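Structural overview for review
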Amino acid sequence: MIDTALLPCPLSAGWQLLWQEELPKLSAKGEPIGGFSALQLLTKFENKSEAKIKNKFPQLLLLSDAQRSFTLAAEWRGSLLNPRWKLAEPEPIQGLPSTPFDGEALVQSAGYWWMASEARNRETQPAELLQLDKTAAFSFGLIQRFPLPDQWQPAADSGLLPNQGPEALLALPGQQLLLAAERPLRQDPSSELRMLLAQIISTPAKKIKVEFRPIGTPLSYQPAAGAEAHWGLTDLIALKNGGLLALWRGYQEPQKWWARLELFPSVPLTETKQAALKPIAHWDLIGLGLMPDNWEAMGEGPRLGDGRSTLLLASDDNFNPLQANRVALLAPLRLAACGKGRP
């Protein structure tokens, strides 16, 4: 989690784009890579032998929403401000069903990894939460599948729109996961984005159970003018005070893109219906200098020497030759009166 003291200070100061890099579209063995929908920066290793193999370089773990979901590890060489990437080969998620699958988010909680799978239809590709296990250094295998509640499943007059989520997944204290749709559900007001709480429960038989609970407070859904047809939430980050950083993406034919970062206050994790939360602050990332593209993934980056936190972003190229696989690093701007950024 990112401490609120490490946000821009004042909030109007905004963010600094430290760098953005384009990754190749093919691996060293010629395998297509792209479709990046989630990322995690790994700096701590599970055992000494694993750390030795990796030479202790941080690893950027990327999840692809390709038809057969895979992860890709990018070894972060060079420096923090001048990175060089050594890409591994893509590692397909093992044990997934043969039906189409769409991995959109990847987090750790309760000793396991969890992935959100986007819905296309109720029968062949429902909205699901998946429990994964690490089968090797950067490969994963399916343990269990947990379909989201009926209210979320695509239907004629309710549920998720096809290919519209769940897009965001984040781990909260107490073995809880928060899921969010990309766009409002069919039965919801067009200005409200629904969220869902998943409680992870360990049983005496050492088999994990998940209980879903609706959250009565939605996020305010406010598309940018011109992006109404293709606007949606692509990722969330939790703040230590309970607030949220939200990444929104918009698109308009033929090739216009929006990327907006918003700061939301703490979300009440109760079923009581309340008014939609409005953002405290928002920032235009394309205006900041981010390349216009499909920015879908967001995660906490390394700490700078002056104590500031950073945000990592990754784009989903949709395996489209007109788009690119990109990674970017942002840092908050802080006035001298705010200190060096250490909490």
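Figured I'd write up the structure that's included with this text. (Residues numbered from 1 in each chain as written. Predicted model: local features only at pLDDT ≥ 70, side-chain atom pairs only at ≥ 80, totals over all residues. Heavy atoms only, no water.)

Okay, the overall build of the protein next. Each helix and strand counted, the protein has 2 helices and 23 strands in total. The C-alpha atoms of the protein give a radius of gyration of 19 Å, which matches the 20 Å a tight globule of 343 residues would have. Referenced to the eigenvectors of the C-alpha coordinate spread, the extents of the protein come out at roughly 50 × 45 × 45 Å. Sequence-distant contacts in the protein: of pairs separated by 6 or more residues, those separated by 24 or more amount to 58%. Just so you have it, the protein exposes about 14,900 Å², and 53% of that area is on carbon and sulfur atoms. Taking the average location of the 34 positive side-chain charges in the protein and that of its 35 negative ones, the two points are 8 Å from each other. (Helix = DSSP H or I, 4+ residues; strand = E, 2+ residues; numbered from the N terminus. Rg over C-alpha atoms; globule rule 2.2 N^0.38 Å. Contact = heavy atoms within 4.5 Å. Areas by Shrake-Rupley, 256 points an atom, 1.4 Å probe, with all protein chains shown as cover. Lys, Arg positive; Asp, Glu negative; His and termini not counted. Charge placed at Lys NZ, Arg CZ, Asp CG, Glu CD.)

Turning to the packing of aromatic side chains, a few remarks are in order. The final tally for this structure, using the stated rule, is 9 aromatic pairs. Residues Trp 114 and Phe 146 carry aromatic rings whose centres are separated by 6.3 Å and whose planes lie at 35° to one another, so their mutual orientation is tilted. Of the two residues, Trp 114 sits in strand 8 (residues 112-117) while Phe 146 sits in strand 10 (residues 140-147), which places them 32 residues apart along the sequence. Residue classification places Trp 114 among the buried positions, given a relative accessible area of 0%. Of the residues examined, Phe 146 reaches a relative accessible area of 11% and is grouped as buried. Taken together, the aromatic side chains of Trp 19, Trp 76 and Trp 85 make up a single cluster linked through ring pairs. (Phe/Tyr/Trp six-rings, centres within 6.5 Å; stacked < 30°, edge-to-face > 60°. Buried < 20%, exposed > 50% of the residue type's maximum accessible area, 1.4 Å probe, protein only.)

For the rest of this paragraph, the subject is the pairing of strand 4 (residues 70-78). Most of strand 4 is tucked away, with 7 of its 9 residues classed as buried. As paired elements, strand 3 (residues 59-64) and strand 4 share 6 bridges and run antiparallel to each other. Paired with Gln 59 across the bridge in strand 4 is Glu 75. Relative to strand 6 (residues 91-92), strand 4 is paired through 2 bridges, and the arrangement is antiparallel. Among the inter-strand pairings, Thr 71 is bridged to a residue of strand 6, identified as Glu 91. Across 5 bridges, strand 4 lies against strand 5 (residues 83-87) in antiparallel orientation. Bridging across to strand 5, Arg 77 finds its partner in Arg 84. Counted between consecutive antiparallel strands, the loop separating strand 4 from strand 5 contains 4 residues. (Pairing = 2+ DSSP bridges.)

Each strand in a sheet pairs with another by means of backbone hydrogen bonds, the pair being arranged parallel or else antiparallel. Taken in spatial order, the 4 strands line up as 11-12-14-15 in an open sheet, and their pairing is antiparallel. Taken across any chain shown, the strands that pair with only one partner, and hence form the sheet edges, are strand 11 (168-172) and strand 15 (208-214). If you compare each strand with its neighbour and ignore which way they point, the axes differ by 25° on average. The sheet contact formed by strand 14 (residues 195-202) and strand 15 spans 7 bridges and is antiparallel. (Axes fitted to C-alpha atoms, helices over the stretch in contact; angles between N-to-C directions.)

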